[in-house]
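# Coordinate analysis (summary)
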Amino acid sequence: MVTLTLIYGKKQLKKFALKKGEALTVGRKNTNNVTIDNVAVSGSHAEILYLDKGLLVTDLNSKNGTFVNKKKINAHWLQNHDRISICKHTLIVSNLHVQNSAHPDNASDSTIIGSGLYNDETMILDTNAQKSLVEQNRTKTRIRLNKKKKSLGVLIYLSGGKGRLELTNRIIKIGKSDACDIPVKGFFVGKTMATIVKRPDGYYFSYYQGFTKPKINNRPITGSVKLKAHDKIKVGPSVLEFYFK
């Protein structure tokens with residue numbers, strides 16, 4: 001079981017245990033698993049998924065970025081002792097055991113950081129002012145699990161299959177692997193072609209692998225997209241419609 005230790009400065013705040021198939025969300029909104037009450041942190045800032053391939057951290061289009069070992073990332077496969085930094089807070093990875101400890105598909109890129117307003121919005125920090133502004137806005141870190149019931153997402157086959165699937169699991173895997181929740185056959189379909197992840201603010205469809213890109217409402221998907229009621233998802237020869245129960 002993976003352990004994520006949240007620290008602020010030199011102070012240890014909380015430890016989280018994460019099993020395979022589970023996800024941990026981090027952000028300023030109190031609907032996150034880890035709530036950081038700081039104006040520099042986005043409402044939904046980052047997400048950590050424990051998949052079969054390993055532990056994946058994804059930045060959720062935050063204003064001030066997510067960093068792994070001081071490098072800004074969009075999505076990054078984690079290793080033991082990696083440090084995920086969100087402003088002045090850090091999550092340290094331990095007890096991670098995966099077959100492939102290194103992932104060549106890891107990449108980091110830069111994001112333009114400008115200036116902005118904040119009330120209910122996230123304060124956008126420039127690189128010169130970031131340290132002093134975050135220090136000025138030190139607040140208590142509130143951590144709690146989200147237990148609020150949400151509407152349940154459902155998929156129904158329109159073609160390439162029969163029946164319906166209630167999205168009761170946190171992570172739904174789609175592909176031709178026998179381990180996938182939604183099996184889809186086809187030469188160009190990846191073993192795990194895509195996932196649907198339940199986050200605090202809804203369900204997100206993410207492309208992972210495969211020669212043919214999945215489509216939502218006839219638009220090819222290469223990243224992560226929040227699903228809306230009646231979205232039509234095409235994966236290989238199968239077409240499914242998403243709606244809320």
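The coordinates are above.
These lines cover the structure that appears in this document, whether it is placed above or below. Predicted, not measured: the structure shown is a model, and the values here were computed from it. (Residues numbered from 1 in each chain as written. Predicted model: local features only at pLDDT ≥ 70, side-chain atom pairs only at ≥ 80, totals over all residues. Heavy atoms only, no water.)

## Focus: the pairing of strand E11 (residues 89-94)
Two strands pair when backbone bridges link them, and strand E1 (residues 2-8) and E11 are joined in this way by 6 bridges, in the antiparallel orientation. What sits directly across from Leu-6, in E11, is Leu-91. (Pairing = 2+ DSSP bridges. Helix = DSSP H or I, 4+ residues; strand = E, 2+ residues; numbered from the N terminus.)

## Comments concerning the pattern of salt bridges
All chains considered together, the criterion is met by 5 salt bridges. Across the pair Glu-47 and Arg-199 runs a salt bridge, and its minimum N-O distance is 2.7 Å. Note that Glu-47 is positioned in strand E5 (residues 46-51) and Arg-199 in strand E17 (residues 194-199), a separation of 152 residues in sequence. Exposure class is identical for Glu-47 and Arg-199. Each is buried. The salt bridge involving Lys-228 is made with Asp-231; its shortest N-O contact spans 3.9 Å. For Asp-231, a relative accessible area of 3% translates into the label buried. (Salt bridge = Lys/Arg side-chain N within 4 Å of Asp/Glu carboxyl O. Buried < 20%, exposed > 50% of the residue type's maximum accessible area, 1.4 Å probe, protein only.)

## Observations concerning the sheet that holds strand E18 (residues 202-207)
Ordered by their spatial adjacency, 5 strands build an open sheet running E16-E15-E17-E18-E21, and the pairing between neighbours is mixed. This sheet does not close on itself; its edge strands, each paired only once, are strand E16 (182-183) and strand E21 (224-226). Two strands pair when backbone bridges link them, and strand E15 (residues 171-175) and E16 are joined in this way by 2 bridges, in the parallel orientation. Residue pairing across strands places Gly-175 opposite Pro-183, the latter belonging to E16.

## Focus on the nonpolar core
The nonpolar side chains of soluble globular proteins are, as a tendency, buried together. In this structure, Leu-4, Ile-48 and Leu-55 are the most contacted members of the largest nonpolar core, which totals 25 residues. Looking at this core, the elements that each hand over two or more residues are E1, strand E2 (11-18), strand E3 (23-27), E5, strand E6 (54-59), strand E10 (83-86) and E11. Among residues more than four places away in sequence, those in contact with Ile-48 are Leu-4, Leu-18, Glu-22, Ala-23, Leu-24, Leu-55, Leu-56, Val-57, Leu-78, Ile-84 and Leu-91. Judged by nonpolar contacts, the second largest core, of 20 residues, contains Ile-182, Met-193, Ile-196 and Leu-240. (Core = buried A, V, L, I, M, F, W, Y, C linked by side-chain atoms within 4.5 Å. Contact = heavy atoms within 4.5 Å.)

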